Amino acid sequence: MHDDTPRTGSIHGEAVTTMGRRRFMDTLRSLGFGALSASFLTADDVQAASRDEVPVVYGFGRNDEGELEPHRKTVPADWYDDFRGAIAAHRRLDVFDHDGVANSAVEPGEYAGKNAAIRVEVTDDEAHGALPEEIDHVPVEVRRVDASDRHDAPGDSPGSPPVLAKGLPGGVGIASDELYGTLAPALRNPSDGVLYFATSNHVFEGDRTRGDSLYVTAKSGKQAIGTVHEGFPRSDVVCVRPANGYWPLHSIRNGTDIDVRGQFTKAGLADLKAAGKRLEKVGMRSGHSTGKIQAIDGVTCAYGAICKRGQLKWGRESDFTDGDSGSVNYAPDPESPEDGVLVGGLNNARTWWPGENYIWGTAGYRITEQHGYTF
């Protein structure tokens, strides 16, 4: 981070209690808070934080009326400045100006530990030498990987059939006419409140998926639960309009159904990483697993037909297999862990090349930013 970069902790030196709402939001933005924080934080949030802390919006949780409300917490100001500086540096680096770059992402720093870094995977020595060792004082850690086995996200195959019900939670097995995958919890369109089934777009093997049927797998065979409303290949997510008396649930099946209350923000995922918290998932084939967050705000172009942004890396390759695509990763809501979980993102693929070991997919905040839908 540049020495002259505004520090978010400077908000404590401002007379926030006397500011109007517009000036307060402008002040937050000028000190380095993001648009999300500027929109939802209040002067009371700032006053409640210690002098060496700042408030952030870590996620959005569903209230009794079904609307998502911001959830806030305080984090160390230095850590937050370091994190936001790494995100900005990652955007400025623009690694895909260089041939041979497979993907890049930001590894958030730790509380009272190492700072954030940018992790880049390359497929040849020329790309390795062309990248800087740091940008804006943020380390750039470059690792060579083997792309000889490069291919798109793995094809899916069927697993154990779930118990069929009309209200379907995430974690159950689904299929298109060609491939199998896992159902995500309900996706909501905030503009009209309509709930949709969701899974990975690549389960449908193509960019033009509108009108294609989605099926739930059962002992009696595949049964149609809806048709594709919208598909988003760059985010690898597809929204399916319910049909035939089926409807999506804000829950995930893992023995008993886990209540999904909303989703984490980018800062919320970084906070989980810094605190050493783990994510979980329930896949149709591999079942329940947990793992640590490795990096966020990732970009990949080498693996797949198109570039994908807003990628989340977590867990281990062994915890994800064909048929798990479309599952979500999640963690307990820090504000009320006994009430339910918040979604981190969609799980779309795993590493299959030597040198790296993680699950990856599009973060929930990216799906909302680009397409409006929320978990």
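Residues numbered from 1 in each chain as written. Predicted model: local features only at pLDDT ≥ 70, side-chain atom pairs only at ≥ 80, totals over all residues. Heavy atoms only, no water.

Q: Which residues make up the pattern of salt bridges, and what values do they have?
A: Inspection of the entire model under this criterion finds 15 salt bridges. The residue Asp-259 makes a salt bridge to Arg-261 at a minimum N-O spacing of 3.3 Å. Classification of Asp-259 as partly exposed rests on a relative accessible area of 30%. A salt bridge links Asp-319 to Arg-316; the shortest N-O distance between them is 2.9 Å. Judged by relative accessible area, which is 11%, Asp-319 ranks as buried. Residue classification places Arg-316 among the partly exposed positions, given a relative accessible area of 38%. Salt bridges linked by common partners bring Arg-91, Lys-266 and Asp-297 together as one network. (Salt bridge = Lys/Arg side-chain N within 4 Å of Asp/Glu carboxyl O. Buried < 20%, exposed > 50% of the residue type's maximum accessible area, 1.4 Å probe, protein only.)

Q: Tell me what's going on with the packing of aromatic side chains, and back it up with residues and numbers.
A: Throughout the structure, instances matching the rule amount to seven aromatic pairs. Their ring planes at 10° and their centres at 5.7 Å tell us that Trp-79 and Phe-83 sit as a pair that is stacked. Residue Trp-79 and its partner Phe-83 are located together in helix H4 (residues 77–93), separated by four residues, close to a single helical turn. Side by side, Trp-79 and Phe-83 carry an identical accessibility label, which is buried. Judged by centre distance (5.8 Å) and plane angle (85°), the rings of Tyr-196 and Tyr-373 are edge-to-face. Placement of the pair is Tyr-196 in strand E11 (residues 195–199) and Tyr-373 in the segment after helix H7 (364–371), with a sequence separation of 177 residues. (Phe/Tyr/Trp six-rings, centres within 6.5 Å; stacked < 30°, edge-to-face > 60°. Helix = DSSP H or I, 4+ residues; strand = E, 2+ residues; numbered from the N terminus.)

Q: Residue-level account of the pairing of strand E16 (residues 256–264), with values.
A: The sheet contact formed by strand E1 (residues 53–62) and E16 spans three bridges and is antiparallel. Its bridge partner lying in E16, Gly-61 is registered against Gly-262. Looking at chain direction, strand E15 (residues 247–254) and E16 are connected through four bridges and run antiparallel. Following the sheet pairing, Arg-253 is matched in E16 by Asp-257. With three bridges joining them, E16 and strand E21 (residues 341–346) adopt parallel strand pairing. The residue of E21 that forms the bridge with Val-260 is Val-341. (Pairing = 2+ DSSP bridges.)

Q: So what's going on with the pairing of strand E23 (residues 359–362)? Which residues, and what values?
A: In terms of strand pairing, strand E19 (residues 308–314) meets E23 through four bridges, oriented antiparallel. Note that in E23 the partner of Lys-313 across the bridge is Trp-360. Where strand E22 (residues 349–350) and E23 come together, two bridges link them in antiparallel fashion. In the sheet register, Arg-350 faces E23, and the bridge partner there is Ile-359.

Q: Summarise H4; cite the residues concerned and give the values.
A: Turn by turn, an α-helix covers 3.6 residues, leaving residues three or four places apart pointing in a common direction. A rise of 1.5 Å per residue sets the reference length of H4, with its 17 residues, at 24 Å; its end C-alpha atoms lie 24 Å apart and thus fit the reference within 8%. Most of H4 is tucked away, with twelve of its 17 residues classed as buried. The set of residues buried in H4 consists of Ala-77, Trp-79, Tyr-80, Asp-81, Asp-82, Phe-83, Gly-85, Ala-86, Ile-87, Ala-89, His-90 and Leu-93. Positive phi appears at Asp-94, one or two residues downstream of H4, with a value of about 45°. (Expected span 1.5 Å × (residues − 1).)

Don't take any of this as a statement about function, it's just geometry.
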